[in-house]
Amino acid sequence: MSGLLAAATSSILIDRAWATCDVGSSSGNPFTLVLLFVPLWIVGALCWVLPYGLLGRRFHAAWPIAVGVAATLLLVWFAATWLGMPDDYPAPFCVDNVPGWWPEWIPA
C-alpha cells in the first residue's frame, strides 16, 4: 500500500510540474507516467519491506517505521525533482524548470 501511495504521489507531482512548465506534449505525458508508475510502485514497496526485513527483529519497531518513512519521502522527492523537473528541457514558463508552486525550502 505504501508503494502505491508513493508512486501515485510521485506521478501527480511530476504531472503537475510538467503541466505547469509546459514540458513535452500532452499526448505523451500520460503514457510516460504510466511507464514510470510501476517502477516507482516497486521501489516504494521496497522502501518498507527492506527496513522491516533488515531491522525489524533486531531493533525496536520505531526504527523500521522511521527508515521506511524517510526512504519513501526521499523516493518521492527524488522522483519529483529528477524526473519532474528536467534541466535539459527548455521550459518557457518556469525559471530553472522549477514550478512556482514548488516550496523554496525543498531543494529542486
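Residues numbered from 1 in each chain as written. Predicted model: local features only at pLDDT ≥ 70, side-chain atom pairs only at ≥ 80, totals over all residues. Heavy atoms only, no water.

Colleague: Please explain the nonpolar core as it appears in this structure.
Modeller: One broad trend across soluble globular proteins is that nonpolar side chains are buried collectively. In this structure, Ile14, Trp18, Leu40 and Leu75 are the most contacted members of the largest nonpolar core, which totals 13 residues. Within the residue set of this core, elements represented by two or more residues are helix H1 (2-21), helix H2 (29-55) and helix H3 (62-83). The element contributing the most residues to this core is H1, with five residues. Excluding residues within four positions of it along the chain, Leu40 makes contact with Gly3, Ala7, Ser10, Ser11, Leu75 and Ala79. (Core = buried A, V, L, I, M, F, W, Y, C linked by side-chain atoms within 4.5 Å. Buried < 20%, exposed > 50% of the residue type's maximum accessible area, 1.4 Å probe, protein only. Helix = DSSP H or I, 4+ residues; strand = E, 2+ residues; numbered from the N terminus. Contact = heavy atoms within 4.5 Å.)

Colleague: Teacher, can you tell me more about H2 here?
Modeller: Helical geometry note: an α-helix holds 3.6 residues per turn, so side chains three or four residues apart project in the same direction. Compared with the 39 Å implied by 1.5 Å per residue over 27 residues, the 38 Å span of H2 between its first and last C-alpha is a close match. Taken as a whole, H2 carries its principal kink of about 25° at Phe37; the proline Pro39 stands between one and four residues after it. Taken together, the buried positions of H2 are occupied by Asn29, Leu33, Leu40, Gly44, Cys47 and Pro51. Where H2 is buried, its residues contact H1 and H3. (Expected span 1.5 Å × (residues − 1). Bend = angle between axes of the 7 residues up to and from the residue.)

Colleague: Can you help me understand the state of the cysteines in this one?
Modeller: Covalent bonding between the sulfur atoms of two cysteines defines a disulfide. All told, the structure shown has one disulfide when counted by the stated rule. Linked covalently through their sulfurs, Cys21 and Cys94 form a disulfide whose S-S length is 2.1 Å. Torsion about the S-S bond of the Cys21 and Cys94 cystine: about -100°, corresponding to left-handed handedness. With Cys21 in helix H1 and Cys94 in the segment after H3, this pair connects stretches of sequence that are 73 residues apart. (Disulfide = S-S within 2.5 Å.)

Colleague: Any chance you could explain the packing of aromatic side chains here in plain terms?
Modeller: The relative placement of two aromatic rings is captured by the distance of their centres and the angle of their planes. Under the criterion given, the structure shown has three aromatic pairs. Centre to centre, the rings of Phe78 and Trp82 are 5.2 Å apart; their planes meet at 15°, and the pair counts as stacked. Pair noted here: Phe78 and Trp82 are both in helix H3, with a separation of four residues, about one helical turn. On the accessibility criterion, Phe78 (42% relative accessible area) is partly exposed. (Phe/Tyr/Trp six-rings, centres within 6.5 Å; stacked < 30°, edge-to-face > 60°.)

Colleague: Explanation requested: the packing of H1 against H3 in the structure shown.
Modeller: To characterise two packed helices, one gives the angle between the axes of the helices and the distance between these axes. Remark: H1 packs on H3, axes separated minimally by 9 Å, with the N-to-C direction vectors making an angle of 25°. When the axis of H1 is compared with that of H3, the two are roughly parallel. The crossing of H1 and H3 is right-handed. In contact with Ala6, Thr9, Ser10, Leu13, Ile14 and Trp18 of H1, H3 contributes Thr72, Leu75, Val76, Ala79, Ala80 and Leu83. Counted by class, the contact of H1 with H3 contains nine nonpolar, three polar and no charged residues. (Axes fitted to C-alpha atoms, helices over the stretch in contact; angles between N-to-C directions. Parallel < 35°, antiparallel > 145°, perpendicular 65-115°, else oblique. Left-handed = near helix turned anticlockwise from the far one by under 90°. Nonpolar A, V, L, I, M, F, W, Y, C, P; charged D, E, K, R; others polar.)

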